[in-house]
Amino acid sequence: MINTDWLLLVLSVTEILLLLLVVVFFLRLRQSEAVLSKLRSKQEELLNKLRFNAQLEQEIVASFEQRQNELTKLDQLLEARAADMKRLLKQAEEVCKSPQFLREIVVTGCKRGKSSQELARATGLSLEEVELIIEQAGL
């Protein structure tokens, strides 16, 4: 009987140890599930942040492209304005060098009392040309 009692005792202790091992295993399994759940939530957060960053990057690139297009348009407008200004400046220089305009300057200057030498310097004409224009105007 002693053998059966010992055998029964050994089996009971073994069963209790196995039961404790099962309990410990399930507790560890629960902890692992909790850690896994946290990892999944962190992964979702990371994916959401990555999506947000990608969207933000796309918006920045689109904004940069829009600004580049605006700068290109402004550059074209500026080039057109510069060409217009050059054309107007050339026209103004031609008008300033025209004989009719120079004649008007000499006549107006003479009426205001300027000397022939001052008018010659101002117009770039010779003194004889200025005096001839004044004589033809009858001043």
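You'll find the structure just up there.
Residues numbered from 1 in each chain as written. Predicted model: local features only at pLDDT ≥ 70, side-chain atom pairs only at ≥ 80, totals over all residues. Heavy atoms only, no water.

So what's going on with the nonpolar core? Which residues, and what values?
One finds Leu 102, Val 106, Val 107, Leu 119, Ala 120, Leu 125, Val 130, Ile 133 and Ile 134 forming the largest nonpolar core, which totals nine residues. Listing elements by their share of this core, those giving two or more residues are helix H2 (99-111), helix H3 (116-123) and helix H4 (127-137). Excluding residues within four positions of it along the chain, Leu 125 makes contact with Leu 102, Val 106, Ala 120, Val 130 and Ile 133. (Core = buried A, V, L, I, M, F, W, Y, C linked by side-chain atoms within 4.5 Å. Buried < 20%, exposed > 50% of the residue type's maximum accessible area, 1.4 Å probe, protein only. Helix = DSSP H or I, 4+ residues; strand = E, 2+ residues; numbered from the N terminus. Contact = heavy atoms within 4.5 Å.)

I'd love a proper account of the environment of Leu 88, names of residues and values included.
Among the secondary structure elements, Leu 88 is positioned in helix H1 (residues 2-97). Judged by its relative accessible area of 43%, Leu 88 is partly exposed. Between the C-alpha atoms of Leu 88 and Leu 127, which are 39 residues apart in sequence, the distance is 30 Å.

Requested: an account of the environment of Leu 27, with residues and values cited.
Inspection of the secondary structure puts Leu 27 in helix H1. Spatially, the C-alpha atoms of Leu 27 and Trp 6 are 31 Å apart, while their sequence positions differ by 21 residues.

How would you sum up the packing of H2 against H4? Please name residues and give values.
Taken N-terminus to C-terminus, the directions of H2 and H4 make an angle of 75°; their axes are 10 Å apart at the nearest point. What the angle tells us is that H2 and H4 run roughly perpendicular. In contact with Arg 103, Val 106, Val 107 and Cys 110 of H2, H4 contributes Val 130, Ile 133, Ile 134, Gln 136 and Ala 137. For the contact of H2 with H4, the class distribution of residues is seven nonpolar, one polar and one charged. (Axes fitted to C-alpha atoms, helices over the stretch in contact; angles between N-to-C directions. Parallel < 35°, antiparallel > 145°, perpendicular 65-115°, else oblique. Nonpolar A, V, L, I, M, F, W, Y, C, P; charged D, E, K, R; others polar.)

Which residues make up H4, and what are the values?
Looking only at H4, the buried set comprises Val 130, Ile 133 and Ile 134. Along the axis of H4, the buried residues cluster in a sector spanning 100°; they form a single face. Exposed residues on H4 whose side chains face more than 90 degrees from its buried face are Glu 128, Glu 135 and Gln 136. In the core, the buried residues of H4 are packed alongside H2 and H3. (Arc of directions from axis to C-beta.)

Give me the environment of Ser 63: which residues, what numbers.
When you line up the elements, Ser 63 lands in helix H1. Note on Ser 63: relative accessible area 27%, which makes it partly exposed. Separated by 34 residues in sequence, Ser 63 and Leu 29 place their C-alpha atoms 50 Å apart.

The values reported here are purely geometric and, on their own, carry no functional implication.
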